[in-house]
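Listed below are the residues making up each chain.
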Amino acid sequence: MPAAFLSRPMARRCPECYAELPDDAIWVCPTCQYTLRTPGSAKAGIVFMLLGLALLGVFVYGPENLGLNSGIMPTELANLTIANFPLLVVGVFGLGAFLAAAAALKIRSEQARVAAA
Ligand SMILES: [Zn+2]
(Lines give C-alpha, C1' and ligand atoms only; values in the text may rest on other atoms or scores of the structure.)
Protein backbone atom coordinates (compact mmCIF):
# COMPACT_ATOMS: atom_id res chain seq x y z
CA MET A 1 0.00 0.00 0.00
CA PRO A 2 1.55 3.38 -0.94
CA ALA A 3 2.70 5.49 1.99
CA ALA A 4 0.93 8.54 0.60
CA PHE A 5 -2.33 6.66 0.80
CA LEU A 6 -1.70 5.71 4.43
CA SER A 7 -0.95 9.28 5.44
CA ARG A 8 -4.25 10.42 3.98
CA PRO A 9 -6.70 7.59 4.59
CA MET A 10 -9.71 9.59 3.45
CA ALA A 11 -9.72 11.98 0.53
CA ARG A 12 -11.84 15.02 1.23
CA ARG A 13 -14.83 15.26 -1.00
CA CYS A 14 -16.99 18.16 -2.02
CA PRO A 15 -20.34 17.94 -0.18
CA GLU A 16 -22.04 19.29 -3.30
CA CYS A 17 -20.68 17.26 -6.22
CA TYR A 18 -18.61 14.58 -4.36
CA ALA A 19 -15.53 15.33 -6.45
CA GLU A 20 -12.26 14.61 -4.65
CA LEU A 21 -10.76 17.79 -3.33
CA PRO A 22 -7.06 18.59 -3.81
CA ASP A 23 -5.16 19.75 -0.72
CA ASP A 24 -5.14 23.35 -1.88
CA ALA A 25 -8.92 23.48 -2.27
CA ILE A 26 -9.74 25.27 0.97
CA TRP A 27 -12.40 27.80 0.06
CA VAL A 28 -14.14 26.60 -3.07
CA CYS A 29 -14.56 23.28 -4.88
CA PRO A 30 -12.52 23.36 -8.12
CA THR A 31 -15.14 21.26 -9.88
CA CYS A 32 -18.43 22.99 -9.08
CA GLN A 33 -17.15 26.10 -7.23
CA TYR A 34 -19.23 25.25 -4.20
CA THR A 35 -18.18 27.33 -1.19
CA LEU A 36 -16.47 24.80 1.09
CA ARG A 37 -15.75 27.12 3.95
CA THR A 38 -17.30 30.38 5.01
CA PRO A 39 -14.60 32.90 5.91
CA GLY A 40 -14.65 33.88 9.59
CA SER A 41 -15.10 37.49 8.56
CA ALA A 42 -18.43 36.58 6.97
CA LYS A 43 -19.70 35.21 10.29
CA ALA A 44 -18.36 38.23 12.17
CA GLY A 45 -19.95 40.49 9.54
CA ILE A 46 -23.34 38.86 10.02
CA VAL A 47 -23.03 39.20 13.80
CA PHE A 48 -22.19 42.90 13.48
CA MET A 49 -25.04 43.48 11.02
CA LEU A 50 -27.49 41.79 13.42
CA LEU A 51 -26.06 43.89 16.24
CA GLY A 52 -26.52 46.97 14.05
CA LEU A 53 -30.16 46.01 13.47
CA ALA A 54 -30.63 45.48 17.19
CA LEU A 55 -29.10 48.89 17.88
CA LEU A 56 -31.37 50.38 15.23
CA GLY A 57 -34.30 48.89 17.15
CA VAL A 58 -32.98 50.49 20.32
CA PHE A 59 -32.62 53.79 18.46
CA VAL A 60 -36.26 53.64 17.32
CA TYR A 61 -37.29 52.74 20.87
CA GLY A 62 -35.22 55.64 22.18
CA PRO A 63 -31.70 55.21 23.54
CA GLU A 64 -32.52 57.56 26.42
CA ASN A 65 -35.00 54.91 27.62
CA LEU A 66 -32.25 52.31 28.00
CA GLY A 67 -31.48 53.39 31.50
CA LEU A 68 -27.95 54.44 30.58
CA ASN A 69 -28.42 57.42 32.90
CA SER A 70 -29.44 55.26 35.84
CA GLY A 71 -25.86 55.01 37.05
CA ILE A 72 -24.56 51.88 35.33
CA MET A 73 -22.14 54.08 33.40
CA PRO A 74 -20.79 57.61 33.93
CA THR A 75 -23.41 60.23 32.99
CA GLU A 76 -21.09 61.90 30.51
CA LEU A 77 -20.44 58.61 28.75
CA ALA A 78 -24.17 57.81 28.78
CA ASN A 79 -25.00 61.21 27.26
CA LEU A 80 -22.24 60.79 24.69
CA THR A 81 -23.58 57.36 23.76
CA ILE A 82 -27.12 58.71 23.38
CA ALA A 83 -25.94 61.73 21.38
CA ASN A 84 -23.89 59.59 19.02
CA PHE A 85 -26.35 56.72 18.81
CA PRO A 86 -27.11 57.09 15.08
CA LEU A 87 -23.36 57.06 14.44
CA LEU A 88 -23.03 53.91 16.56
CA VAL A 89 -25.83 52.18 14.61
CA VAL A 90 -24.36 53.14 11.23
CA GLY A 91 -20.84 52.28 12.37
CA VAL A 92 -21.66 48.80 13.68
CA PHE A 93 -23.88 47.97 10.71
CA GLY A 94 -21.33 49.39 8.27
CA LEU A 95 -18.54 47.34 9.85
CA GLY A 96 -20.65 44.21 9.50
CA ALA A 97 -21.48 44.99 5.87
CA PHE A 98 -17.80 45.64 5.19
CA LEU A 99 -16.71 42.32 6.72
CA ALA A 100 -19.42 40.40 4.85
CA ALA A 101 -18.47 42.12 1.59
CA ALA A 102 -14.78 41.34 2.16
CA ALA A 103 -15.66 37.69 2.72
CA ALA A 104 -17.81 37.62 -0.42
CA LEU A 105 -14.95 39.15 -2.40
CA LYS A 106 -12.56 36.55 -0.98
CA ILE A 107 -14.81 33.73 -2.16
CA ARG A 108 -15.39 35.48 -5.50
CA SER A 109 -11.65 35.81 -6.10
CA GLU A 110 -11.08 32.17 -5.13
CA GLN A 111 -13.76 31.12 -7.60
CA ALA A 112 -12.08 33.21 -10.29
CA ARG A 113 -8.71 31.67 -9.40
CA VAL A 114 -10.15 28.15 -9.61
CA ALA A 115 -11.97 28.93 -12.87
CA ALA A 116 -8.76 30.28 -14.39
CA ALA A 117 -6.69 27.26 -13.32
ZN1 LIG B 1 -18.00 20.40 -5.89
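The structure under discussion appears in the preceding block.
Residues numbered from 1 in each chain as written. Predicted model: local features only at pLDDT ≥ 70, side-chain atom pairs only at ≥ 80, totals over all residues. Heavy atoms only, no water.

Looking only at helices and strands, one finds four helices and zero strands in the protein chain. Each helix and strand of the protein chain, placed in order from N terminus to C terminus, yields the pattern α-α-α-α. Taking 117 residues into account, the globule formula puts the C-alpha radius of gyration at 13 Å, and the protein chain, at 23 Å, lies well above it. Each of the three principal axes of the protein chain carries a C-alpha extent, and together these read 70 × 30 × 20 Å. Looking at the protein chain as a whole, 22% of its 117 residues are labelled buried. Pairs at least 24 apart in sequence give 50% of the contacts found in the protein chain among residues at least 6 apart. For the protein chain, the computed accessible surface area is about 8000 Å², with 67% contributed by carbon and sulfur atoms. Side-chain charges of the protein chain comprise 8 positive and 7 negative groups, with the mean position of each set lying 10 Å from the other. (Helix = DSSP H or I, 4+ residues; strand = E, 2+ residues; numbered from the N terminus. Rg over C-alpha atoms; globule rule 2.2 N^0.38 Å. Buried < 20%, exposed > 50% of the residue type's maximum accessible area, 1.4 Å probe, protein only. Contact = heavy atoms within 4.5 Å. Areas by Shrake-Rupley, 256 points an atom, 1.4 Å probe, with all protein chains shown as cover. Lys, Arg positive; Asp, Glu negative; His and termini not counted. Charge placed at Lys NZ, Arg CZ, Asp CG, Glu CD.)

So, about the coordination of the zinc ion. Within the protein, the zinc ion binds to C14 (SG), C17 (SG), C29 (SG) and C32 (SG); these donor distances fall in the range 2.3 Å. The site at the zinc ion holds four donor atoms, and with the angles between them running 104 to 112°, its shape is tetrahedral. Along the chain, the residues that donate to the zinc ion are spaced as C-x2-C-x11-C-x2-C. Taken as a pair, C17 in the loop between α1 (3-7) and α2 (40-61) and C32 in the loop between α1 and α2 lie far apart in primary sequence, 15 residues in all. By relative accessible area, which is 30% here, C17 ends up partly exposed. (Donors = N, O, S within 2.8 Å, 3.2 Å for Na, K, Ca; no water. Tetrahedral: all angles 85-135°; square planar, octahedral: opposite > 155°, others 65-115°.)

A word on the pattern of salt bridges. Applying the stated criterion to the full structure yields three salt bridges. Notably, a salt bridge pairs E110 with K106, separated by 3.5 Å at the nearest N-O pair. Here E110 and its partner K106 are both found in helix α4 (residues 85-116), four residues apart, which amounts to about one turn of the helix. Overall, E110 belongs to the buried group, its relative accessible area being 12%. (Salt bridge = Lys/Arg side-chain N within 4 Å of Asp/Glu carboxyl O.)

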